[in-house]
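Summary of structural features
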Amino acid sequence: MLRKILFTVVGIFVILGIFVLSLSMSKTKDIDDIEIQTNKKPVIFITVDSLMTESLQKAIDQGKAPALEFLIKNGTFYSDFVSSYPTMSVTIDSTILTGTYANEHRIPGLIWFNQKENRMISYGSGLAEIWNNGIRNVTKDSIIHLNNDHLNKEVLTIHEELDNRNLQSASINGLLFRGNERHLLNVPKMVTWLNLLPKNVEVVGPTILSLGALSQLNPQNDRQKFLWDRMGVNNEFTVNELNYLIEQHKLPSFTLAYLPDADATLHRNGPDDLSAIEKADESLQKLLNNFSSWDKAIQEVTWIIMGDSAQSLVEKDKKKGLIDLNKLLNGYSFWDGDKRNGQIAIAINERMAYIYLNDDKLSIDEIVGKLKKDERIGFIAWKEADRNYVINPNQNDLLSFYPDGSFKDSYGQSWQLEGGLTVLDLNFDHEGTIQFNAYPDALARLHGALHSNPGRFIIVDAKPHYEFIEEHSHDHAGGGAHGSLHKIDSLVPMIIVGTNSKPESHRFVELKEWLVEIVEEANNS
């Protein structure tokens, strides 16, 4: 009897193993089919998910980040680049690629609610959220609709911009990659059999597109694309693909590569965990080691290394640290995967959330009144036509603002302001210029989120150490989280090596224009 049970258990594991392997297996693309122009000094732009200045400096001081230390010593280091809002990867990547905030690129967050389609849009989050929103929907939204439909077609990505100037580019493991070249993804047969994706998925991307198991170039990269390794969306896969381009002399004028692993580690262990930076540094060492020397690497290539957003520690005690919006808005019905007529739909982006009012009878003032009762909320914001409103639960003041007014901020943007400046921790300098403090570039970033998608909705943004949840949320109590407008989530480091050119300001929204310029200069020098 015991032997039969043992054989049964082994058989189940074999079947599960075959199933998992089948989900991960896909064809490799032939790089010989891609013709790359000779480049004098290509630009490699690497995003290290959740790379933070304070942790980076600690890791260097302890001798745990030799590659990053080398790049900083031989380049220019910035500690305070301002991210996009919400501080979630897809919105940030959209800003980097398009040089616009969410009101123009139209990607509101990792999760948002499409009132026209009456469904939640998710590009991948916690398992309960994915299940509630539908595994098939999440897969199609992140792989197909994000680039093909959701990203505003009226704004050009850096890949499209460069291609229009006859400059080639590559994207390695970036979820945002829209370009002018058509690519057929290699969808694993098991994924098609489960009806998660069609057999033939066509996307438009840069000259070279690498995206885990769906678009693999390096034939030696099979071991890095299993289901338990996020099907290739991991540091090792990215490094192997990029090194393969270098070895095959297929490096285009501009390459955008993504190192995602630190994010999950910091979510789990909190922002003080230096092992995430050590792992990222090991990836960079492998890239630099692919040249005859590290000095040669920075002579032949322009390197730009940056974080996308920071993470802040969430209270370990869930009762203290987690703001449950279902409880806070008790008495209303909520949109759910199985209950699509709810009065309110809640889209959680960790430390910020969109609250959609699907019932026309609900007033914004009514909902705001309930939200104000929780002092863990940093601010509450909403829009009426072109005017934006913000309040702070701890204050009675109301701030209203809109673009093209009589006041200028420190970035040269003009605004009309009325009400309490302290709501967003604003003040004027001696020349009458708006200064930002706790919330970097607060007006433009918040305006972007408030006008990122149509319909009636409210934004809530948590104070440091707190995170929003709803019924299906995965929380990060005791670990790290981001998403908020606060500087603790919004300021990240950047390292530039191999060019004397510098960005005009320390903001992601201005990177695209600068990157196009240095790629053109490198190609023409």
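That block above? That's the structure.
Below or above, wherever it landed, is the structure these notes cover. Since this is a predicted model, take the numbers as computed values, not measurements. (Residues numbered from 1 in each chain as written. Predicted model: local features only at pLDDT ≥ 70, side-chain atom pairs only at ≥ 80, totals over all residues. Heavy atoms only, no water.)

1. Comments concerning the packing of aromatic side chains
Remark: the centre distance and the inter-plane angle together describe each pair of aromatic rings, the angle taken between the planes. Inspection of every chain in the model, using the stated rule, returns 15 aromatic pairs. An angle of 20° between the planes, with centres 6.1 Å apart, marks the rings of Y411 and F436 as stacked. Of this pair, Y411 sits in the loop between β17 (398-408) and β18 (414-419) while F436 sits in strand β20 (residues 434-436), placing them 25 residues apart in sequence. The buried category is assigned to F436, whose relative accessible area is 15%. What links up through ring pairs into an aromatic cluster is the set F113, W335, Y354, Y356 and F457. Above the ring of Y411, the side-chain terminus of R507 is found at 4.3 Å from the ring centroid. (Phe/Tyr/Trp six-rings, centres within 6.5 Å; stacked < 30°, edge-to-face > 60°. Helix = DSSP H or I, 4+ residues; strand = E, 2+ residues; numbered from the N terminus. Buried < 20%, exposed > 50% of the residue type's maximum accessible area, 1.4 Å probe, protein only. Lys NZ or Arg CZ within 6 Å of the ring centre and 35° of its normal.)

2. With respect to the pairing of strand β13 (residues 344-349)
Of all six residues that make up β13, six are buried, and the element is covered over most of its length. Here β13 shows two buried faces, one formed by I344, I346 and I348 and the other by A345, A347 and N349. Linking two consecutive strands that pair antiparallel, namely β13 and strand β14 (residues 352-357), is a turn of two residues; a positive phi of about 60° is found at E350 within it. (Pairing = 2+ DSSP bridges.)

3. What to know about the environment of A257
Looking at where A257 falls in the secondary structure, it is placed in strand β9 (residues 254-259). Along the chain, A257 and H105 lie 152 residues apart, while their C-alpha atoms are 21 Å from each other. Setting aside residues up to four positions removed in sequence, A257 forms contacts with F45, I46, T47, I172, T238 and L242. (Contact = heavy atoms within 4.5 Å.)

4. Overview of the sheet that holds strand β10 (residues 302-307)
The pairing of strands in a sheet comes from backbone hydrogen bonds and takes either a parallel or an antiparallel form. Judged by pairing direction, the sheet is mixed, and its seven strands sit side by side in the order β2-β24-β10-β1-β9-β5-β8 without closing on themselves. Looking at strand neighbours, the two that pair on one side only are β2 (76-82) and β8 (208-210), the edges of this open sheet. Within the sheet, the average angular offset between the axes of one strand and its neighbour, ignoring direction, is 15°. Where β10 lies against strand β24 (residues 491-497), four bridges are found, and the strand directions are antiparallel. Bridge pairing links M306 to M494 in β24. (Axes fitted to C-alpha atoms, helices over the stretch in contact; angles between N-to-C directions.)

5. Digging into the pairing of β10
Two faces, one strand: in a regular strand the side chains alternate between the faces of the sheet. Extensive coverage of β10 is indicated by the burial of six of its six residues. Here β10 shows no split at all, with T302, I304 and M306 on one side and W303, I305 and G307 on the other all buried. Of the strand pairs in this sheet, strand β1 (residues 43-48) and β10 are connected by six bridges, and their pairing is parallel. Looking at β10, one finds that I46 is bridged to I305.

6. Structural notes on helix α16 (residues 364-371)
For α16, the complete set of buried residues consists of I364, I367, V368 and L371. End-on view of α16: buried residues confined to an arc of 100°, all on one side of the axis. As for α16, its buried residues are in contact with α15 (325-328), β13, β14, β15 (377-384), β16 (387-391) and β21 (457-462). (Arc of directions from axis to C-beta.)

7. Some points on the packing of helix α10 (residues 235-247) against helix α12 (residues 275-288)
Following both chains from N to C, one finds α10 and α12 inclined at 15°, their axes separated by 10 Å at the closest point. As far as their axial angle goes, α12 and α10 are roughly parallel. Crossing handedness for the pair α10 and α12: right-handed. Contacts from N235, E236, V239, L242 and N243 of α10 reach α12 at K279, A280, S283, K286 and L287. The residue inventory of the contact of α10 with α12, partitioned by class, reads four nonpolar, three polar and three charged. (Parallel < 35°, antiparallel > 145°, perpendicular 65-115°, else oblique. Left-handed = near helix turned anticlockwise from the far one by under 90°. Nonpolar A, V, L, I, M, F, W, Y, C, P; charged D, E, K, R; others polar.)

8. Examining the sheet that holds β18
Taken together, seven strands build an open sheet; the order of strands is β13-β14-β21-β15-β16-β17-β18 and the sheet is antiparallel. The sheet terminates laterally at β13 and β18, the two strands that pair on one side only. The mean angle between the axes of side-by-side strands here comes to 25°, regardless of whether they run parallel or antiparallel. Judged from the five bridges that link them, β14 and β21 form a sheet pairing that is antiparallel. Counted as the bridge partner of I355 is I458 from β21. Where α16 meets the sheet, it contacts β13, β14, β15, β16 and β21, and its direction lies at approximately 175° from that of β15.

9. A word on the packing of helix α11 (residues 261-269) against α12
Two numbers describe how α11 lies on α12: the axes approach to 9 Å, and their chain directions differ by 170°. For the element pair α11 / α12, the angle class is roughly antiparallel. Packed against α11, whose contacting residues are D261, A262, T265 and L266, the element α12 presents S275, A276 and K279 at the interface.

10. Things to note about the environment of Q413
Locating Q413 in the fold gives a position in the loop between β17 and β18. It is 46 Å that separates the C-alpha atoms of Q413 and D33, two residues lying 380 residues apart in sequence. Here the side chain of Q413 touches D441 through a polar contact of 3.1 Å, side chain to side chain. At 3.1 Å, the side chain of Q413 and the side chain of R507 are in polar contact. (Polar contact = N/O pair within 3.5 Å; in protein donor to acceptor, adjacent residues only side chain to side chain.)

11. With respect to a negative patch on the surface
A cluster of acidic residues, E504, E513, E517 and E521, forms a negative patch on the protein surface. In this fold, E521 is placed in helix α19 (residues 511-524). For E521, a relative accessible area of 47% gives the class partly exposed. (Patch = residues over 30% accessible without salt bridge, like charges linked within 9 Å, V, L, I, M, F, W, Y side chains within 5 Å. Areas by Shrake-Rupley, 256 points an atom, 1.4 Å probe, with all protein chains shown as cover. Salt bridge = Lys/Arg side-chain N within 4 Å of Asp/Glu carboxyl O. Lys, Arg positive; Asp, Glu negative; His and termini not counted. Charge placed at Lys NZ, Arg CZ, Asp CG, Glu CD.)

12. What about the environment of E247?
Looking at where E247 falls in the secondary structure, it is placed in helix α10. On the basis of relative accessibility, which here comes to 46%, the residue E247 falls in the partly exposed class. Once the C-alpha coordinates of E247 and K373 are considered, the two residues, 126 residues apart in sequence, prove to be 59 Å apart.

13. Examining the nonpolar core
The biggest cluster of nonpolar side chains holds 70 residues, and the ones touching the most others in it are F379, L424, L446 and I459. Setting aside residues up to four positions removed in sequence, F379 forms contacts with Y85, V390, I391, N392, P393, L424, Y439, L446, I459, V460, D461 and L485. Among the nonpolar cores identified, the runner-up in size contains 40 residues, and I31, F70, L71 and I305 belong to it. (Core = buried A, V, L, I, M, F, W, Y, C linked by side-chain atoms within 4.5 Å.)

14. Here we look at helix α17 (residues 442-450)
In terms of residue burial, α17 counts as a mostly covered element, since nine of its nine residues are buried. Every buried residue of α17 is listed here: A442, L443, A444, R445, L446, H447, G448, A449 and L450.

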